[in-house]
Amino acid sequence: MRAKLNAMWDGMTLIPGRDCGGCTVCCLVPTINKPEIQKLSGARCRHCASTGCTIYDARPPVCRSYYCAWRTVDIFSDDWRPDRSGVLPYVETEGISEDFDLATGIGLMLVGHPHRIVRQKWFQDFVVTGVTSSVPLFLSLPGPRGHQAATVSLNTEQMLDAIARGTVKDALEAVVKILRGWDFRPAVITYSGNDVSEPVATDGV
Ligand code: SF4
Ligand code: SF4
């Protein structure tokens, strides 16, 4: 895993033969705060249809340049496509301790049912491989609409202990519990003029 991460961070390239297909997770989950487009976290972009972006050829630069780690980092199998796995993997560049010799890490944002995901062996195996290889790994949970996500490091003494004891599932469930109890902060949107956040559906409207 470390060798592939080092190679990837020499420059972003897309994994050949892999495309977004019917996934639109990044048109829903993140905040977008750019001069040309703004969107609240958790609000679907109003240009997003079940078939994908309806303004694909004219989509803004931020949408042209963004790819999740499933598209760019060759450490995830095809099954990790975010809409299928419930995990949005991303390259994390902030909050990396100087104890690591890698300057970037991997964040795993749980966009599906958190407990169901962390109980899966494939997910636990990924965490074990990352943590035991000293790859900076983060577990993240989206906040409510318009709020920032909660994120914690998985490279902890508790996780190493859980790996040694074979109790990784319990340790991950404990982390999910912490994330669910997070004091989610409002996301900051500084630009205006093209808010594409789909309105919240209300009865009778
Ligand atoms: S989350 Fe990844 S796979 Fe899904 S639409 Fe965005 S870039 Fe494509
Ligand atoms: S404009 Fe951007 S965020 Fe909106 S649907 Fe198209 S690609 Fe997604």
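Residues numbered from 1 in each chain as written. Chains lettered and ligands numbered in written order. Predicted model: local features only at pLDDT ≥ 70, side-chain atom pairs only at ≥ 80, totals over all residues.

1. Considerations on the overall build of the protein chain
- A tally of regular secondary structure across the protein chain gives 8 helices and 8 strands.
- In terms of C-alpha radius of gyration, the protein chain reaches 18 Å, essentially the compact-globule figure of 17 Å for 205 residues.
- In the protein chain, of all internal contacts separated by at least 6 residues, the share reaching a separation of at least 24 is 66%. (Helix = DSSP H or I, 4+ residues; strand = E, 2+ residues; numbered from the N terminus. Rg over C-alpha atoms; globule rule 2.2 N^0.38 Å. Contact = placed C-beta atoms within 7 Å.)

2. Here's the deal with the site of ligand 2
- What surrounds ligand 2 is the set Cys 27, Cys 45, His 47, Cys 48, Cys 53, Ile 55, Arg 59, Cys 63 and Val 196.
- For the shell around ligand 2, a count of residues per class yields 7 nonpolar, 1 polar and 1 charged. (Near = placed C-beta within 6 Å. Nonpolar A, V, L, I, M, F, W, Y, C, P; charged D, E, K, R; others polar.)

3. A look at the site of ligand 1
- The environment of ligand 1 is made up of Cys 20, Cys 23, Thr 24, Val 25, Cys 26, Tyr 67, Cys 68, Trp 70, Arg 71, Arg 81, Pro 82 and Leu 88.
- Here the residues of the shell around ligand 1 sort into 9 nonpolar, 1 polar and 2 charged.

4. Description of the packing of helix H7 (residues 157–165) against helix H8 (residues 168–180)
- Contact geometry of H7 with H8 gives a least axis separation of 8 Å together with a crossing angle of 155°. With respect to each other, H7 and H8 are oriented roughly antiparallel. Judged by residue contacts, Gln 158, Met 159, Ala 162 and Ile 163 of H7 engage Val 168, Asp 170 and Ala 171 from H8.
- In terms of residue class, the contact of H7 with H8 is made up of 5 nonpolar, 1 polar and 1 charged. (Axes fitted to C-alpha atoms, helices over the stretch in contact; angles between N-to-C directions. Parallel < 35°, antiparallel > 145°, perpendicular 65-115°, else oblique.)

5. Quick word on the pairing of strand S7 (residues 137–141)
- Here S7 lies mainly inside the structure; 4 of its 5 residues are buried.
- With 4 bridges joining them, strand S6 (residues 105–110) and S7 adopt parallel strand pairing. Within S7, the residue paired with Met 109 across the bridge is Ser 140.
- As judged from the 4 bridges shared by S7 and strand S8 (residues 150–153), these two strands associate in the antiparallel manner. When the bridges of S8 are listed, Leu 141 appears paired with Ala 150. (Buried ≥ 20, exposed ≤ 12 C-beta atoms within 10 Å, placed from the backbone. Pairing = 2+ DSSP bridges.)

6. Considerations on the sheet that holds S6
- In spatial order, the strands read S5-S6-S7-S8; together these 4 strands make up an open sheet with mixed pairing. The sheet is open, and its two edges are formed by strand S5 (87–92) and S8, each paired on a single side. When strand polarity is set aside, the average angle formed by the axes of neighbouring strands in this sheet is 25°.

7. Describing unusual backbone geometry
- The phi dihedral of Ser 134 falls on the positive side, at around 60°, and the residue is not glycine.
- Secondary-structure assignment places Ser 134 in the loop between helix H6 (121–132) and S7.

8. As for the environment of Lys 39
- By the element assignment, Lys 39 lies in strand S2 (residues 37–39).
- Given 26 C-beta atoms within a 10 Å radius, Lys 39 is considered buried.
- Each C-alpha atom of the pair Lys 39 and Leu 102 lies 32 Å from the other, and the pair is 63 residues apart in sequence.

9. Let's talk about H8
- In a regular helix each residue adds 1.5 Å, so 13 residues correspond to 18 Å; H8 covers 18 Å between its end C-alpha atoms and thus fits that length.
- Taken as a whole, H8 has its buried residues at Val 168, Ala 171, Leu 172 and Val 175. Viewed end-on, H8 has its buried residues packed into an arc of 95°, placing them on one side of the element. Residues of H8 that are exposed and point more than 90 degrees away from the buried face comprise Asp 170, Lys 177 and Arg 180.
- Contact partners of the buried residues in H8: helix H5 (114–118), H6, S7, S8 and H7. (Expected span 1.5 Å × (residues − 1). Arc of directions from axis to C-beta.)

10. Looking at the nonpolar core
- Within the largest apolar cluster, 36 residues are counted, with the highest numbers of intra-cluster contacts made by Val 87, Met 109 and Val 127.
- Those elements giving two or more residues to this core turn out to be helix H3 (69–72), S5, S6, H5, H6, S7, H7 and H8.
- Non-local contacts of Val 87, meaning those with residues more than four positions away in its chain, are made with Trp 80, Pro 82, Leu 108, Met 109, Leu 110, Val 111 and Ile 117. (Core = buried A, V, L, I, M, F, W, Y, C linked by C-beta atoms within 7 Å.)

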